[in-house]
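Here is what each chain is made of, one letter per residue.
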Amino acid sequence: MNTTVSCELHLRLVVSSESSLPVPAGLRYDTADPYAVHATFHTGAEETVEWVFARDLLAEGLHRPTGTGDVRVWPSRSHGQGVVCIALSSPEGEALLEAPARALESFLRRTDAAVPPGTEHRHFDLDQELSHILAES
């Protein structure tokens, strides 16, 4: 049986050193895809942007800078509060988001309860995934 853990967050899109904009976001973790966290950023009334992160990347980013290329994550402070900075880069542009550290940590703790770190392979059906990939080609 698959378990899903979800969380709604209010992120900040950093526009400049003095300005940021609110970005509602949803995080979803499914034990059927135990290595990934799916993020939906609500950028407009009906518009969303989807990203998939490695759960380990977000967890490590709570404590130290991590990531290369398209996604980088690091702990920081903003207005006296602990935040996790998430820098995203794609051909469409770049974004720097600040997530409340406590909310992200709470979400990740709940994912750890569903699938403890290091046991993801027990929840991943390689044969099923390969069948799915081969059926698409």
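Residues numbered from 1 in each chain as written. Predicted model: local features only at pLDDT ≥ 70, side-chain atom pairs only at ≥ 80, totals over all residues. Heavy atoms only, no water.

With an unreviewed UniProt entry as reference, the chain is termed SsgA family sporulation/cell division regulator, source organism Streptomyces pratens. According to the UniProt record, the Subcellular location (unreviewed entry) comment for the chain is "Cell septum". (UniProt positions renumbered as here; feature names shortened; annotations may be inferred.)

Here Asp30 lies in strand β2 (residues 20–30). Among the polar contacts made by the side chain of Asp30, one reaches the main-chain amide nitrogen of Ala32 at a distance of 2.9 Å. Asp30 has contacts with Asn2, Thr3 and Thr4, leaving out every residue within four places of it along the chain. (Helix = DSSP H or I, 4+ residues; strand = E, 2+ residues; numbered from the N terminus. Polar contact = N/O pair within 3.5 Å; in protein donor to acceptor, adjacent residues only side chain to side chain. Contact = heavy atoms within 4.5 Å.)

What follows concerns the sheet that holds strand β7 (residues 93–100). Strands sit in the order β4-β3-β2-β1-β7-β6-β5 across an open sheet of seven strands; the sheet is antiparallel. Lying at the two open borders of the sheet, with one neighbouring strand each, are β4 (48–54) and β5 (71–78). Taken over all neighbouring pairs, the strand axes of this sheet differ in orientation by 30° on average, direction set aside. Pairing of β2 with strand β3 (residues 36–42) involves four bridges; the strand directions are antiparallel. Looking at the pairing, Leu27 lines up with Ala39 of β3. In the packing of helix α2 (residues 101–114) onto the sheet, the strands contacted are β1 (4–14), β2, β3, β6 (81–90) and β7, and the crossing angle to β1 comes to about 155°. (Pairing = 2+ DSSP bridges. Axes fitted to C-alpha atoms, helices over the stretch in contact; angles between N-to-C directions.)

Before going further, it helps to examine the pattern of salt bridges. Applying the stated criterion across every chain yields a total of two salt bridges. For Arg64, the salt bridge identified is with Glu60, shortest N-O distance 3.6 Å. On the basis of relative accessibility, which here comes to 45%, the residue Arg64 falls in the partly exposed class. (Salt bridge = Lys/Arg side-chain N within 4 Å of Asp/Glu carboxyl O. Buried < 20%, exposed > 50% of the residue type's maximum accessible area, 1.4 Å probe, protein only.)

Turning to the nonpolar core, a few remarks are in order. With 28 residues, the main nonpolar core has Leu11, Leu27, Phe41, Phe53, Ile86, Leu88 and Phe107 as its most contacted residues. In this structure Phe107 touches Val5, Ser6, Cys7, Leu27, Arg28, Tyr29 and Val37, once residues within four positions along its chain are discounted. (Core = buried A, V, L, I, M, F, W, Y, C linked by side-chain atoms within 4.5 Å.)

Moving on, we come to the pairing of β2. As defined by bridge partners, β1 adjoins β2 across eleven bridges and the pair is classed as antiparallel. Residue pairing across strands places Val5 opposite Tyr29, the latter belonging to β2. Hairpin remark: β1 followed by β2, antiparallel, with five residues in the connecting loop. Counting the residues between successive antiparallel strands, the hairpin from β2 to β3 contains five residues.

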